[in-house]
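Chain by chain, the residues run as shown.
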Amino acid sequence: MSGTPMRAAAAALSLALAAGAFAQESKVQLKDAPGKDKAMQCVACHSLDYIRMNSRFLDKAGWTGSVNKMINVFGAPIAKEDVEAIASYLAQNYGKPPDK
Amino acid sequence: MPRSSSTAFSALRRKLVCGAGAVTALGSLGASRALAAELGSTAALGYAELPDGTLAEHVLYALPGKLPLIKKTYRPPNFETPIEYFRTAITRNDAFFVRYHLAAIPEVKAAEWSLAVGGDSAERELKFTLSRLKKEFKPAEVTAVCQCSGNRRGLFEPHVAGVEWGVGAMGNAVWRGVRLKDVLGRAGVKADALEVVLDGADGPALPKTPDFVKSIPVEVAMDENTLIAFEMNAKPLPHWNGFPARLVVPGWTGTYWVKQLVSVKVVSKPEGNFWMSTAYRLPRGRFKTPSFKSQVKEANEPITTMVVNSLITSLRNGRQIPRGKPIDVKGIAFDGGSGIDRVEVSTDLGASWQRAQLGKDLGRFSFREFAFAAPGRERGALVVMARATARSGETQVEQLIHNPAGYHHNVIQRLYLEVV
């Protein structure tokens, strides 16, 4: 559904309906490590459980690809210069272990 | 599974590896690490295991109006049906899986909802309220499986990125509504019609994110089994499954079953948005499913119908069976719409197969129950497998057909049991 007044109302309503889920979502925390602050930008569009769910099997290139997809395909307002820091954080903390 | 039986299973695995000449098969199991009864574990069901981060993220959580389901992600909401709800052919509404791409999901009121019908290949534009749709068109009903294209993605080895589904991104329901072809007929379908484009009321959190819009070939839209459904198992659709109306495309994967349907357009050109042109694609020719001809590209093509599959729901990996007691192998099977011809069960790592009894035939798009009682055994280890074959002749695969987006996993399950 594109560009209708329904959209604005939609966001508010889904918030109300999913209030319980939003409270739960706030319990999902990223690991404390350098780059976490930049990685927190992801929360604008999706809950952070997407990150741990996709671990640990992506390498740095894999995580870089994911971050770029969010920017280029989904229009995430993440500065290009933040990509490296976010991908490094994700690869370090949610990436494929070196022995695998 | 308590720690003790996990230990017992390790012993069983050693025995099998040493004694049964099944080293290769067991080597590919590689799953004993996952025998602890982690919520939603697929190793516990006799498959490759989900990524460890996926398992760590699992909790049971009840969305409003739903039973506790396996949480994959909160926002957008993605929740998987636990295996116990697949022990019947019909999946209950409050246990039915939830899958969204975009986070702005409106709570649509039935009285305020309307469906716009039009497009450049429609003779006229029409708008229907829910009561008008119900009043002006003949009711139609179909029992059909709705399965996410990515169901079992988490079982892929190597893993691929996405929602890491186990086996529960599927369900089977009796869908009731009106035929899409009747509605399109009222609008008038021109001779140049190519696709029918479907949009739901949901939308993205950011305006720049592509809205979730899908299309189906016009001949699929005109199939008598393709419905605009208002009811699921004789009740209104749950909010999370598309209230007040969703598309039902029996045989085709869930991506085409657009929820909270608000717009249907008959068009003469291929729909080109991200969700059609880039997402939901398979390497061309890797599967024998039908082609969505107007969307085929040189390297890839859209996913279309489901591949044949089955799920044993009565056993868990590592289970101990008392000596001499029959082993009840029960489950469900389904395919992309030809119907299930047979389900065969093996208790000797695939060396021989016996036909299971099939349950009531609820139609070619439905789950079909199966049951097989394997005779009691002397002490020792065994591997139970089930293999469904569709009336089309298609059967489940022994080795995964890997593809970049993680679709069409229908590898035969291998449950390792011990008779004690």
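Residues numbered from 1 in each chain as written. Chains lettered and ligands numbered in written order. Predicted model: local features only at pLDDT ≥ 70, side-chain atom pairs only at ≥ 80, totals over all residues. Heavy atoms only, no water.

(A) Region of interest: the overall build of chain A. If you tally the helices and strands in chain A, you get 6 helices and 0 strands. Reading the helices (α) and strands (β) of chain A from amino to carboxyl end gives α-α-α-α-α-α. A buried classification covers 44% of the 100 residues belonging to chain A. Within chain A, residue pairs in contact and separated by at least 24 positions form 59% of the contacts whose partners lie at least 6 positions apart. If you sum the accessible surface of chain A, you get close to 5200 Å²; carbon and sulfur atoms cover 60% of it. (Helix = DSSP H or I, 4+ residues; strand = E, 2+ residues; numbered from the N terminus. Buried < 20%, exposed > 50% of the residue type's maximum accessible area, 1.4 Å probe, protein only. Contact = heavy atoms within 4.5 Å. Areas by Shrake-Rupley, 256 points an atom, 1.4 Å probe, with all protein chains shown as cover.)

(B) Representation of the sheet that holds strand 24 (residues 380-390) of chain B. Residue and element names in this part refer to chain B. The 5 strands lie next to each other as 18-25-24-20-21, forming an open sheet whose pairing is mixed. Of all strands in the sheet, those with a lone pairing partner are strand 18 (320-321) and strand 21 (354-355), marking the two edges. Bridge count for strand 18 against strand 25 (residues 415-419) is 2 bridges, and the pairing is parallel. Bridge pairing links Q320 to E418 in strand 25. (Pairing = 2+ DSSP bridges.)

(C) Quick look at the nonpolar core. By size, the foremost hydrophobic cluster in this structure holds 70 residues, and its most contacted members are L133, W175, V196, I216, I228 and Y256 of chain B. At 5 residues, the largest contribution of residues to this core is made by strand 11 (residues 227-232) of chain B. Look past the residues within four positions of L133 of chain B in its chain and what remains in contact with it is W113, L115, F128, V178, V183, I228 and F230 of chain B. Membership of the second largest hydrophobic core comes to 30 residues, among which are W63, I71 and A91 of chain A together with Y74 of chain B. (Core = buried A, V, L, I, M, F, W, Y, C linked by side-chain atoms within 4.5 Å.)

(D) Inspection of the confidence of the model for chain B at higher detail. Residue and element names in this part refer to chain B. Per-residue pLDDT for chain B has a mean of 93; in total, 91% of the residues score no lower than 70. In this model residues 1-36 is a low-confidence stretch, pLDDT under 50, and it forms 43 contacts with partners more than four residues away in sequence or in other chains. If you check the scores for this complex, the pTM reads 0.91 and the ipTM reads 0.90. (pLDDT = per-residue confidence, 0-100.)

(E) Focus on the state of the cysteines. As enumerated under the stated definition, the model contains 0 disulfides over all chains in all. We note that C45 of chain A lacks a disulfide partner, and the nearest cysteine sulfur, in C42 of chain A, lies 9.0 Å from it. With no disulfide of its own, C146 of chain B lies 8.4 Å from the sulfur of C148 of chain B, the closest cysteine sulfur. (Disulfide = S-S within 2.5 Å.)

(F) Structural detail: the interface of chain A and chain B. The interface is formed by 35 residues belonging to chain A together with 46 residues belonging to chain B. Here chain A packs against chain B, burying approximately 3300 Å² in sum over the two surfaces, 61% of which is carbon and sulfur. Linking chain A with chain B are 4 salt bridges, by the criterion used here. Among the ionic pairs, D52 of chain B bridges to R56 of chain A, the shortest N-O distance being 2.7 Å. Where chain A packs against chain B, one counts 16 residue pairs in polar contact (both at pLDDT 80 or more). At the level of secondary structure, the elements contributing two or more residues to the side of chain A that touches chain B comprise helix 1 (5-17), helix 2 (19-25) and helix 4 (49-53) of chain A. Sort the elements by how many residues they give to the side of chain A that touches chain B and helix 1 of chain A lands first, with 6 residues. Taken together, the residues that form the side of chain A that touches chain B break down as 20 nonpolar, 9 polar and 6 charged. (Buried area = accessible area lost by both parts, 1.4 Å probe. Salt bridge = Lys/Arg side-chain N within 4 Å of Asp/Glu carboxyl O. Polar contact = N/O pair within 3.5 Å; in protein donor to acceptor, adjacent residues only side chain to side chain. Nonpolar A, V, L, I, M, F, W, Y, C, P; charged D, E, K, R; others polar.)

(G) Representation of the pattern of salt bridges within the structure. By the definition in use, this model includes 19 salt bridges over all chains. The salt bridge partner of K36 of chain A is D32 of chain A, with a shortest N-O separation of 2.9 Å. One salt bridge in this structure joins K60 of chain A and E84 of chain A, with 3.0 Å as the shortest N-O distance. Placement of the pair is K60 of chain A in helix 5 (residues 60-72) and E84 of chain A in helix 6 (residues 83-94), with a sequence separation of 24 residues. Looking at K60 of chain A, the relative accessible area reads 32%, which means it is partly exposed. The structure contains a network of salt bridges with shared partners spanning D49 and R52 of chain A together with E57 and K71 of chain B.

(H) Fine view of the packing of helix 5 of chain A against helix 6 of chain A. Residues and elements named next belong to chain A. The N-to-C vectors of helix 5 and helix 6 enclose an angle of 135°; their axes lie 8 Å apart at closest approach. Taken together, helix 5 and helix 6 sit at an angle that is classed as oblique. For the crossing formed where helix 5 meets helix 6, the hand is right-handed. The residues of helix 6 that touch helix 5, namely those facing K60, W63, T64, V67, N68 and I71, are V83, E84, I86, A87, S88, L90, A91 and Y94. Here the contact of helix 5 with helix 6 is composed, by residue class, of 9 nonpolar, 3 polar and 2 charged. (Axes fitted to C-alpha atoms, helices over the stretch in contact; angles between N-to-C directions. Parallel < 35°, antiparallel > 145°, perpendicular 65-115°, else oblique. Left-handed = near helix turned anticlockwise from the far one by under 90°.)

(I) Quick look at the pairing of strand 6 (residues 126-129) of chain B. All names here are of chain B. What you see with strand 6 is a clean split: L126 and F128 sit on the buried side and K127 and T129 on the side with no burial. Looking at chain direction, strand 5 (residues 114-118) and strand 6 are connected through 4 bridges and run antiparallel. Bridge assignment links A116 to a residue of strand 6, and that residue is K127.

(J) Molecular detail of the sheet that holds strand 22 (residues 357-358) of chain B. Residues and elements named next belong to chain B. Taken in spatial order, the 4 strands make up an open sheet running 17-19-23-22, and their pairing is antiparallel. Each of the sheet's edge strands pairs with one partner strand only, and the pair in question is strand 17 (309-312) and strand 22. As judged from the 4 bridges shared by strand 17 and strand 19 (residues 327-334), these two strands associate in the antiparallel manner. Directly across from L311, in strand 19, lies its bridge partner I332.

(K) Region of the structure containing the packing of aromatic side chains. Summed over all chains, the structure comprises 18 aromatic pairs over all chains. With centroids separated by 5.8 Å and ring planes inclined at 85°, the aromatic side chains of F96 of chain B and W175 of chain B adopt a geometry described as edge-to-face. Taken together, the residues F96 of chain B in the loop between strand 3 (78-80) and strand 4 (98-99) and W175 of chain B in strand 8 (residues 170-179) connect sequence positions 79 residues apart. For the pair F96 of chain B and W175 of chain B, a shared accessibility class is recorded, and that class is buried. Among the aromatic residues, ring-to-ring pairing joins F96, F97, W165, W175 and W257 of chain B into one connected group. Looking at K31 of chain A, its charged tip hangs above the ring of Y94 of chain A, at a distance of 4.9 Å from the centre. The cationic tip of K259 of chain B hangs over the ring face of Y100 of chain B; the distance from NZ or CZ to the ring centre is 4.3 Å. (Phe/Tyr/Trp six-rings, centres within 6.5 Å; stacked < 30°, edge-to-face > 60°. Lys NZ or Arg CZ within 6 Å of the ring centre and 35° of its normal.)

(L) Inspection of the side chain of N151 of chain B at higher detail. All names here are of chain B. Its location among the elements puts N151 in the loop between strand 7 (139-147) and strand 8. A relative accessible area of 2% means that N151 is categorised as buried. Other than its neighbours up to four places away in sequence, N151 contacts W165, G166, V167, G168, A169, M170 and H409.

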